[in-house]
Amino acid sequence: METMDSRIEVLRADIQQCRKCSLYETRHHALVGNGAENARIMLIGEAPGAEEDQQGIVFIGKAGQMLDKILMACNFSRDKHLFITNIVRCRPPGNRPPKDEEIAACLPYLERQIELINPSILITLGATALRSLAGGTSRITRDRGKWQYYGTRLMMPTYHPAALLRNPGLKKETWEDFKEVIRKYREMADPGHPCNYV
Ligand code: SF4
């Protein structure tokens, strides 16, 4: 009989062996994502960077360190509360944005993963993740901080941590967005979730 664990393993193998777009030619790792496979919150970034591609772990470069600071302030642990992944699983050369056809080829993996992990809350990080899930007319500067639905799930768009490194002025808005997530997480999952700031 097919169990949840076996479906997760099949998805993992499908991603790691994937050659559905040309990004497979230059990758070192196709990243499945990291975190709790029963997480209530899923964070979705754009694509792996150089360090992530080398090590096969999501968000471990400078942007990852920025994300970790935010998550620590939220009292969200990568292992317990979250699953973190990307729209595109293989690194675009030179860190260019993924092309539409690469996103289209890769998106079914995310859809399968969302069904399997079954999070209540999705957080999109940056314009690519937002546009990929909410449609091409979305705009990060206009839509961030506002809850929307992806199917039946709540989705909070916010800035990508790499944008905060380039423009520290975006940190304040990003923190407001994460505070909204903490409030919603308390409503939906754990009323006693501790956080000193909310
Ligand atoms: S980016 Fe996605 S679709 Fe393209 S090869 Fe990697 S896993 Fe496959």
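Attention here is on the structure that accompanies the text. Just so it is clear, the structure is predicted and the values come from calculations on it, not from any experiment.

1. Concerning the site of the ligand
Taken together, 14 residues form the shell around the ligand, and within it Cys 18, Cys 21, Tyr 24, Cys 90 and Cys 106 come nearest. For the shell around the ligand, the element with the most residues is helix H4 (residues 100-117), which contributes three residues. Looking at the shell around the ligand, its residues break down into 10 nonpolar, no polar and four charged.

2. A word on the sheet that holds strand E5 (residues 148-150)
Reading across the sheet, the six strands line up as E1-E3-E2-E4-E6-E5 and stay open at both edges, with mixed pairing between neighbours. Every other strand in the sheet has two partners, leaving strand E1 (34-35) and E5 as the edge strands with one partner each. Relative to strand E4 (residues 121-125), strand E2 (residues 41-45) is paired through four bridges, and the arrangement is parallel. Note that in E4 the partner of Ile 41 across the bridge is Ile 121. Sheet contacts for helix H5 (residues 127-134): E2, E4, E5 and strand E6 (153-158); angle to E4, the most-contacted strand, approximately 130 degrees.

3. Regarding the environment of Trp 175
With respect to the helices, strands and loops of the structure, Trp 175 is situated in helix H8 (residues 171-188). Between the C-alpha atom of Trp 175 and that of Gln 17, which follows or precedes it by 158 residues, the distance is 37 Å.

4. As for the pairing of E6
Of the strand pairs in this sheet, E4 and E6 are connected by five bridges, and their pairing is parallel. Looking across to E6, one finds that Ile 121 is bridged to Leu 154. Bridge count for E5 against E6 is three bridges, and the pairing is antiparallel. Across the sheet, Tyr 150 pairs through a bridge with Arg 153, a residue of E6.

The rules we used
Residues numbered from 1 in each chain as written. Predicted model: local features only at pLDDT ≥ 70, side-chain atom pairs only at ≥ 80, totals over all residues. Near = placed C-beta within 6 Å. Helix = DSSP H or I, 4+ residues; strand = E, 2+ residues; numbered from the N terminus. Nonpolar A, V, L, I, M, F, W, Y, C, P; charged D, E, K, R; others polar. Pairing = 2+ DSSP bridges. Contact = placed C-beta atoms within 7 Å. Axes fitted to C-alpha atoms, helices over the stretch in contact; angles between N-to-C directions.

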